[in-house]
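Letter by letter, the chains look like this.
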Amino acid sequence: MVASTSQEVIPEDPTAYKTQKYWEERYQKESPQVTFDWFKTYEDLKPTFNATIPSKESSILMLGCGNSTLGEDMYDDGYKNITNIDYSATVIKQMAERCVDRPEMKWLEMDIRDLKFEDQSFDIVIDKGTMDALMCDRGDVWDPSPELIQEVKAEVDEVTRVLKVGGKFIYITFGQPHFRKRHLERDCWDGIKVSTLGDAFHYFIYEMTKQS
């Protein structure tokens, strides 16, 4: 695999990260062997997952999988029941071909704000940087626009719907709690647990368990 470090894929307007058009064009330009991991890799996250995910048999939904190696690395470590979704048809096709030797993994084109799954379908839902793309906006981070709030609400509402009771939502981000917790709060959670990764620059892991 080749890590994507090209400046050519960075948009001049950061709000492009919110659009399907940007991701389709980006993945069409890049080689299927290119990989890009927002924030952290599986090795960094493995201790957290070991403590949070109750079993390697858990049904896992990966939101906005992109061409990250996270799903592949988890599969190779024994998590076989992983469904990966992204709203770029190109990257879903590329990843399905790249992971043809991991036959139990599923790859589906889908919008995280409109999940095509039955209620209570998954034990674990993981978002590594996908919500952050929705939040790329030129407005005031302290006072997000109604449109941004609604888009993020749609994602979190869908997560709560497809999670089983007792299931967990794991969100990995660079967003600090005073910017992110307001979007994550729901009556169905038993609370929002926050932990950090990194030394000089912190990444944040939000963990929520559905209790009703």
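The chain is annotated in an unreviewed UniProt entry as Methyltransferase type 11 domain-containing protein of Umbelopsis vinacea. The record held by UniProt for the chain lists under Sequence similarities (unreviewed entry) the comment "Belongs to the methyltransferase superfamily."

## Quick notes on the overall build of the chain
Of the regular secondary structure elements, the chain holds 7 helices and 9 strands. For 212 residues, the compact-globule estimate of 2.2 N^0.38 gives 17 Å, and the C-alpha radius of gyration of the chain, at 16 Å, lies within 12% of that figure. Along the longest, intermediate and shortest principal axes, the C-alpha atoms of the chain span 45 × 40 × 35 Å. In the chain, the proportion of contacts linking residues at least 24 apart, taken out of those at least 6 apart, comes to 70%. When the 26 basic and 39 acidic side-chain charges of the chain are each reduced to a single mean position, those positions are 2 Å apart.

## Remarks on the side chain of T209
Take T209: it is sitting in strand 9 (residues 203-209). A distance of 3.0 Å separates polar atoms of two side chains, one belonging to T209 and the other to K168. Leaving out residues up to four positions away in the same chain, T209 has contacts with G166, G167, K168, C188, W189 and D190.

## Concerning the nonpolar core
Counting residues in each nonpolar core, the largest one holds 34 residues, and the members touching the most others are F49, M74 and I126. Among the nonpolar cores identified, the runner-up in size contains 26 residues, and M131, V162, L163 and W189 belong to it.

## Remarks on helix 7 (residues 177-184)
Of the positions making up helix 7, those classed as buried are F179, R180, H183 and L184. The buried residues of helix 7 all sit within an arc of 110° when viewed along its axis, so they share a single face. Where helix 7 is buried, its residues meet helix 5 (130-134), helix 6 (146-162), strand 7 (163-173) and strand 9.

About the criteria used
Starting from 1, residues in each chain are numbered consecutively following that chain's sequence as written. At least 70 in pLDDT is required for a residue's local features to be given in this predicted model, at least 80 for side-chain atom pairs to be given and counted, and no such filter applies to totals for whole chains, interfaces and linings, which use all residues. Hydrogens are left out, water is left out, and the side-chain values use all remaining heavy atoms of the structure. UniProt positions are given in the numbering used here, feature names are shortened, and annotations may be inferred rather than shown by experiment. Runs of H or I in DSSP of at least four residues are treated as helices and runs of E of at least two as strands, each being numbered from the N terminus. As defined in this context, the radius of gyration uses C-alpha atoms, and a globule is described by 2.2 Å times the residue total to the power 0.38. The contact definition used throughout considers only heavy atoms, calling two residues in contact when any of these lie within 4.5 Å. The charged-residue count follows a simple rule in which Lys and Arg add positive charge and Asp and Glu add negative charge, with His and chain termini not counted at all. Charge placement uses NZ in Lys and CZ in Arg. For Asp and Glu, CG and CD serve respectively. Side-chain atoms alone can form a polar contact between residues adjacent in sequence; in general such a contact is a pair of N or O atoms within 3.5 Å, and within protein one must be able to donate a hydrogen while the other accepts it. Residues enter a nonpolar core if they are buried and are Ala, Val, Leu, Ile, Met, Phe, Trp, Tyr or Cys, with the set joined through side-chain atoms within 4.5 Å. The rule is simple: take the accessible area with a 1.4 Å probe, protein chains only, and divide by the maximum for that residue type; under 20% is buried, over 50% is exposed, in between is partly exposed. Note that the arc is defined by the directions from the helix axis to the C-beta atoms.

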